Amino acid sequence: MASMLWSCVTDFFTYETTKSVVVKSWSVGIVNRIVQLLIIIYFVGWVFIHEKAYQVIDTGIESAVMTKVKGFGYHDNQTMDVADYVSPPQGAAVFCIITKLIVTKNQHQGRCAETHGLYKCDTDVDCQRKFGANLGNGAITGVCLKSSNNGTCEIQGWCPTENDQVKRKPMLDVKNFTIFIKNSIRFPLFDVTRGNFPQHMTREQIKSCKYHPVDNPLCPIFLVGDVLNYTGQDVASLAEEGGEIGINIEWKCNLDFDIEKCQPKYSFTRLDAPFAKNKISKGYNFRFAKYFKHENGIEYRTLHKAIAIRFDIMVTGNAGKFNTIPTLINLVAAFTSVGLGTVLCDIILLNFLKGADQYKAKKFEEVSKAQIEESLAQKQGSQLSITPAMKCSYDSGALSLSPEQAV
């Protein structure tokens, strides 16, 4: 029993080497080295240098954005300041600069004729068919109001109704407005915080600078006209119909270098570009009202339809830092992948080249039990004999040599 256990232990602590066949062929050798070289270039150039696979990456960026718009413009014979044309006024990451206003004054609750072209009628039945419609300025009462030869459905709501077909010139001074963006970010995995302009920048420098992608890429003040030009948009048409502009702040930080090199990059795009050429739902507009009361307590309001340029400040990015675990994982993957050259060469040798049968005979050696018994019966010292000090592996067909025989 003890001898069997000892035999199992000695068998376990053995080493079986694979059989190697050296093929002296220029064509196969060149293919093998080219494949290995391409694999090495891929891992070194793309995986490690470009993708930085040796780093652990934090993509959970935390961000806060504050904005402030400045400038004066003229619209409908009035001077407009920030309180007039910026909505909402809180300075958030999403805000609108109003370029055109259509104002309907002194609206009171009551009943009046609908001005929308979809509500023409000849009889009350025509209006009753439109019960529940929500495209007008109020709730349809079912009454057809006639004036001369034209009939219009009656609505209950704020009267007089809005006429948004009034022509107004847009406020083209919007191109001279400035947008100040203050962005702070944090990468929680590394506990790194950064701001979008250098800490050494003084107040005077911030007030006097204007963003330029080459000359001044870290200035946090953007001229609206420049932003629209970066997106390839015409200021006049955008101010006339409205639109949505995206300002993306991208943080790509390699924390293996100086933290001061972790700086933002700005890019600009028109987010509603797919709808810019549509005849339906073109541009951007919204409505808001200002409410008042008469001395007798009756409420009335002034309705504003605002055509505006909406700005969306988007913050994206990630940070990376060297870490042993991803480095080792990708190194193992690289060394393993180099062996693909051998696999490819084996496929070529076994299937496409002359002498494939000879290569198969050299590479794959089949050993049956009868052959093993025959070799044991041969004289000791012959080339194919297996001595008592040798071990025979039946699963792989390999012969194991004792240390004395290996010498």
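Scroll up for the structure.
Notes on the structure in this doc start here.

Let's talk about the overall build of the protein
Across its full length, the protein holds twelve helices and 17 strands. By the burial criterion, 34% of the 407 residues in the protein qualify as buried. A sequence separation of at least 24 residues applies to 66% of the contacts in the protein between residues at least 6 apart. When the accessible surface of the protein is summed, it comes to about 26500 Å², and 57% of that surface belongs to carbon and sulfur atoms.

Here's the deal with a nonpolar patch on the surface
Nonpolar side chains collect at one region of the surface, where Trp26, Ile30, Ile34, Leu37, Leu38 and Ile41 lie side by side and expose about 700 Å² of accessible area between them. Mapped onto the secondary structure, Ile30 falls in helix H2 (residues 26–50).

Some remarks on the state of the cysteines
On inspection of all chains with the given rule, the structure shows five disulfides. What pairs with Cys127 in a disulfide is Cys153, and their sulfur atoms sit 2.2 Å apart. Handedness of the Cys127-Cys153 disulfide follows from its S-S torsion of about -100°: it is left-handed. Within this pair, whereas Cys127 is found in helix H4 (residues 124–128), its partner Cys153 is found in strand S8 (residues 150–159), the two being separated by 26 residues in sequence. Residue class for Cys127 comes out buried when judged on its relative accessible area of 0%.

Here's the deal with the nonpolar core
Nonpolar side chains in soluble globular proteins tend to be buried together. One finds Tyr85, Ile97 and Phe311 to be the most contacted residues of the largest nonpolar core, which totals 49 residues. The element that contributes the greatest number of residues to this core is strand S15 (residues 299–322), accounting for seven residues. Not counting chain neighbours up to four residues away, the residues in contact with Phe311 comprise Ala93, Val94, Phe95, Ile97, Ile179, Val224, Val227, Ile245 and Ile247. In terms of nonpolar packing, the next biggest core, distinct from the first, is built from nine residues, Tyr119, Cys127, Ile140 and Ile155 among them.

A word on the packing of H2 against helix H8 (residues 324–338)
Between H2 and H8, the least distance of the axes is 9 Å, while the angle of their chain directions is 160°. Between H2 and H8, the angle falls in the class roughly antiparallel. In the packing of H2 onto H8, the handedness of the crossing is right-handed. Only Thr327, Asn330, Leu331, Ala333, Ala334, Ser337 and Val338 of H8 make contact with H2, whose side of the interface consists of Gln36, Ile39, Ile40, Phe43, Val47 and Phe48. Among the residues forming the contact of H2 with H8, the class breakdown is nine nonpolar, four polar and no charged.

The rules we used
Residues numbered from 1 in each chain as written. Predicted model: local features only at pLDDT ≥ 70, side-chain atom pairs only at ≥ 80, totals over all residues. Heavy atoms only, no water. Helix = DSSP H or I, 4+ residues; strand = E, 2+ residues; numbered from the N terminus. Buried < 20%, exposed > 50% of the residue type's maximum accessible area, 1.4 Å probe, protein only. Contact = heavy atoms within 4.5 Å. Areas by Shrake-Rupley, 256 points an atom, 1.4 Å probe, with all protein chains shown as cover. Patch = residues over 30% accessible without salt bridge, like charges linked within 9 Å, V, L, I, M, F, W, Y side chains within 5 Å. Salt bridge = Lys/Arg side-chain N within 4 Å of Asp/Glu carboxyl O. Disulfide = S-S within 2.5 Å. Core = buried A, V, L, I, M, F, W, Y, C linked by side-chain atoms within 4.5 Å. Axes fitted to C-alpha atoms, helices over the stretch in contact; angles between N-to-C directions. Parallel < 35°, antiparallel > 145°, perpendicular 65-115°, else oblique. Left-handed = near helix turned anticlockwise from the far one by under 90°. Nonpolar A, V, L, I, M, F, W, Y, C, P; charged D, E, K, R; others polar.

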